Amino acid sequence: MAKGKIKVHSLTGRITFQLVNDAWRSVRRNRGAAGIDKVSIQMFEKNLEANLDRLMRDLKTGAFMPLPARRAYIPKDPKQTKFRPLGIPAVRDRVAQEVLRRLLSPIFEAKFHDHSYGFRPGRNCHQAVEKVLELGRQGYRWVLDADISGFFDNLCHKAVMRELAEEVADGNILRLVEKFLRAGVMEDGKFQPTVSARPKAG
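Residues numbered from 1 in each chain as written. Predicted model: local features only at pLDDT ≥ 70, side-chain atom pairs only at ≥ 80, totals over all residues. Heavy atoms only, no water.

### Here we look at the side chain of D170
Right, so step 1: By secondary structure assignment, the location of D170 is in the loop between α6 (157–167) and α7 (171–181).
Right, so step 2: For D170, which is buried and forms no salt bridge, the nearest opposite charge comes from R175, at a distance of 6.1 Å.
Right, so step 3: Within the structure, the side chain of D170 is placed 2.7 Å from the backbone nitrogen of T12, a separation counted as a polar contact.
Right, so step 4: Not counting chain neighbours up to four residues away, the residues in contact with D170 comprise V8, S10, L11 and T12. (Helix = DSSP H or I, 4+ residues; strand = E, 2+ residues; numbered from the N terminus. Buried < 20%, exposed > 50% of the residue type's maximum accessible area, 1.4 Å probe, protein only. Lys, Arg positive; Asp, Glu negative; His and termini not counted. Salt bridge = Lys/Arg side-chain N within 4 Å of Asp/Glu carboxyl O. Polar contact = N/O pair within 3.5 Å; in protein donor to acceptor, adjacent residues only side chain to side chain. Contact = heavy atoms within 4.5 Å.)

Next up, the structure:
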């Protein structure tokens, strides 16, 4: 860590009912299925104020514990010969994740590479295509298409937490992120812990 580096403190203090409510609205817009607790968007909304208030208090005090995600599979090709595994979190966990995203995104967004377009605010695939076309007009003729199989399933948790801790000094927020990393999945009634890949030596 660079000497004199200023870390972000007191993110927990920014968890307000308004923030949690805004996160809920985002989750509701995206819809999605219920998690392992079988609580749908509509069911969560029936007792919304109490659910959000409880979630806010649990996030602020560190009492929040995410549930394992529900494993589901979607086809990767039209012939349905290959399937992509999905982890579907409980609705309350999706709201909590959105709260964390809103707290952490402003800190890390500025650090992303300028040529990165995936899942970034104000950027989309059309802009990425336009950039490729622009590079083509500049004379570039080669495109490298690469994908890391099971990337998110094999992230080194220690590396993720180390990078977060380089910027964030709020222990409660760091512990919340780590809880999500370790939440695991439920598949066919069996709990499967989240894989925490380790960097290979050499």
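### Some thoughts on helix α1 (residues 17–30)
Right, so step 1: Relative to the 20 Å expected for 14 residues at 1.5 Å per residue, α1 spans 20 Å between its end C-alpha atoms, a close match to the ideal helical length.
Right, so step 2: Buried residues of α1: L19, V20, N21, A23, W24, S26 and V27, and no others.
Right, so step 3: Looking at the buried residues of α1, the elements they touch are α2 (41–46), α3 (48–61) and α4 (91–108).
Right, so step 4: At the C-terminal side of α1, R31 shows a positive phi close to 55°. (Expected span 1.5 Å × (residues − 1).)

### Quick notes on the environment of L181
Right, so step 1: If you trace the backbone, L181 turns up in helix α7.
Right, so step 2: For the pair L181 and L155, spaced 26 residues apart in sequence, the C-alpha to C-alpha distance is 9.5 Å.
Right, so step 3: Setting aside its immediate chain neighbours within four residues, L181 contacts H157, V160, M161 and T194.

### Let's talk about the packing of aromatic side chains
Both the distance between ring centres and the angle between the ring planes are used here to describe each pair of aromatic rings.
Right, so step 1: For the structure on display, the rule yields 2 aromatic pairs.
Right, so step 2: Note on F64 and F180: the rings are 5.7 Å apart at their centroids and 40° apart in plane angle, and the pair reads as tilted. In this pair, F64 is assigned in the loop between α3 and β1 (69–75) and F180 in helix α7, connecting sequence segments 116 residues apart.
Right, so step 3: Note that R123 overlies the ring of Y117, its terminal NZ or CZ placed 4.8 Å from the centroid. (Phe/Tyr/Trp six-rings, centres within 6.5 Å; stacked < 30°, edge-to-face > 60°. Lys NZ or Arg CZ within 6 Å of the ring centre and 35° of its normal.)

### Focus on the sheet that holds β1
Right, so step 1: Spatially, the 4 strands line up as an open sheet ordered β2-β1-β3-β4, and their pairing is mixed. The strands lining the two open edges of the sheet, one partner per strand, are β2 (83–88) and β4 (190–192). Averaged over all neighbouring strand pairs, the angle between strand axes comes to 45°, with direction disregarded. (Pairing = 2+ DSSP bridges. Axes fitted to C-alpha atoms, helices over the stretch in contact; angles between N-to-C directions.)

### Brief notes about the confidence of the model for the protein chain
Right, so step 1: Here the protein chain averages 89 in pLDDT, while 94% of its residues score no lower than 70.
Right, so step 2: No element of the protein chain has a lower mean pLDDT than β2, at 87, and none a higher one than α3, at 98. (pLDDT = per-residue confidence, 0-100.)

### Topic: the side chain of E98
Right, so step 1: One can find E98 in helix α4.
Right, so step 2: E98 sits in the buried class, given a relative accessible area of 10%.
Right, so step 3: Within polar-contact distance, the side chain of E98 engages the side chain of R102 at 2.7 Å.
Right, so step 4: The contacts of E98, once residues within four sequence positions are left out, are A23, S26 and V27.

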